[in-house]
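Structure assessment
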Amino acid sequence: MSDLEQLTQALARNLKRWRTERNFTLDALAARSGVSRGMIIQIEQARTNPSVGTTVKLADALGVSITTLLDHDRGPEVQVVMPGQGVRMWSTEGGSASTMLVGDDRRGPLEMWSYDLAPGEGTDSDPHLAGTVEMIHVTEGELTLVVGDREYALPAGSAATFEADLGHGYHNRGAEPVRMTLAVSIPPVSRHRPADAPAG
């Protein structure tokens, strides 16, 4: 079985498990996540490999990290991810890529990502759940951070944090590659909230 097939199977298994754990019907998860009921059914039956954006929406709605949905190995106290063992979530022919390094759900989902952005490339994200916070550390190049309708220039060595309930994006508008580390803190989902209760 290929790595992609393993991820598809793990996502199918864990999406259904966490939806059941949260007592969410298909319709309730669709309403919370903005992902169609039909797409959720296809994912749970391992009949499709969803986009990163769809996976993020489902993880946010369930209140778990993407690593939990992808069944990343975890020890009881220390989780070590060796070089090359992170989960590559997307990449481009130009050399841009994002890799999920580690994640933890014990106090609300917390994720750490590595991003490489080739000159002229970037990625945009839909708004996350209210209360989601992102933190960025740029280690190479100059990142253009877009939050809502504002842009921020972040040279190498700089860091930023922002509430991610607005549309946001990371872009390399310079001539040199950009490398950054991104941490995402997502508010926990109550295990006791009825399935039809509103999010937030």
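The structure reproduced in this document is the subject of the present report. Please read all numbers here as calculations on a predicted model, not as lab measurements.

**Some remarks on the environment of L143**
Here L143 shows up in strand β6 (residues 142-147). According to the relative accessible area criterion, L143 is buried, its value standing at 0%. When the C-alpha positions of L143 and A153 are compared, they lie 6.0 Å apart, and in sequence the two are 10 residues distant. Those residues within four positions of L143 in sequence are excluded, and the remaining contacts are L117, I136, V138, Y152, A153, L154, Y170, H171, V178 and M180.

**Description of unusual backbone geometry**
For N23, which is not glycine, the phi dihedral falls at a positive 60°. A positive phi is found at A46, a non-glycine position, where the angle reads about 55°. Along the chain, the position of A46 falls in the loop between α3 (37-44) and α4 (52-62).

**So, the side chain of N172**
Looking at where N172 falls in the secondary structure, it is placed in the loop between β9 (168-171) and β10 (178-185). At 2.9 Å, the side chain of N172 forms a polar contact with the backbone nitrogen of G174. Apart from the residues lying within four places of it in its own chain, the contact partners of N172 are L117, A118, P119, G120, E121, E142, P177 and V178.

**Looking at the sheet that holds strand β4 (residues 122-125)**
Pairing is antiparallel in the open sheet, where 4 strands are placed in the order β4-β9-β6-β7. Edge positions in the sheet fall to β4 and β7 (150-155), since each of these pairs with one other strand and no more. Pairs of neighbouring strands in the sheet enclose a mean axial angle of 15°, with direction left out of account. Pairing geometry for β4 and β9, over 4 bridges, is antiparallel. Note on β9: the bridge partner recorded for G122 is H171.

Conventions adopted
Residues numbered from 1 in each chain as written. Predicted model: local features only at pLDDT ≥ 70, side-chain atom pairs only at ≥ 80, totals over all residues. Heavy atoms only, no water. Helix = DSSP H or I, 4+ residues; strand = E, 2+ residues; numbered from the N terminus. Buried < 20%, exposed > 50% of the residue type's maximum accessible area, 1.4 Å probe, protein only. Contact = heavy atoms within 4.5 Å. Polar contact = N/O pair within 3.5 Å; in protein donor to acceptor, adjacent residues only side chain to side chain. Pairing = 2+ DSSP bridges. Axes fitted to C-alpha atoms, helices over the stretch in contact; angles between N-to-C directions.

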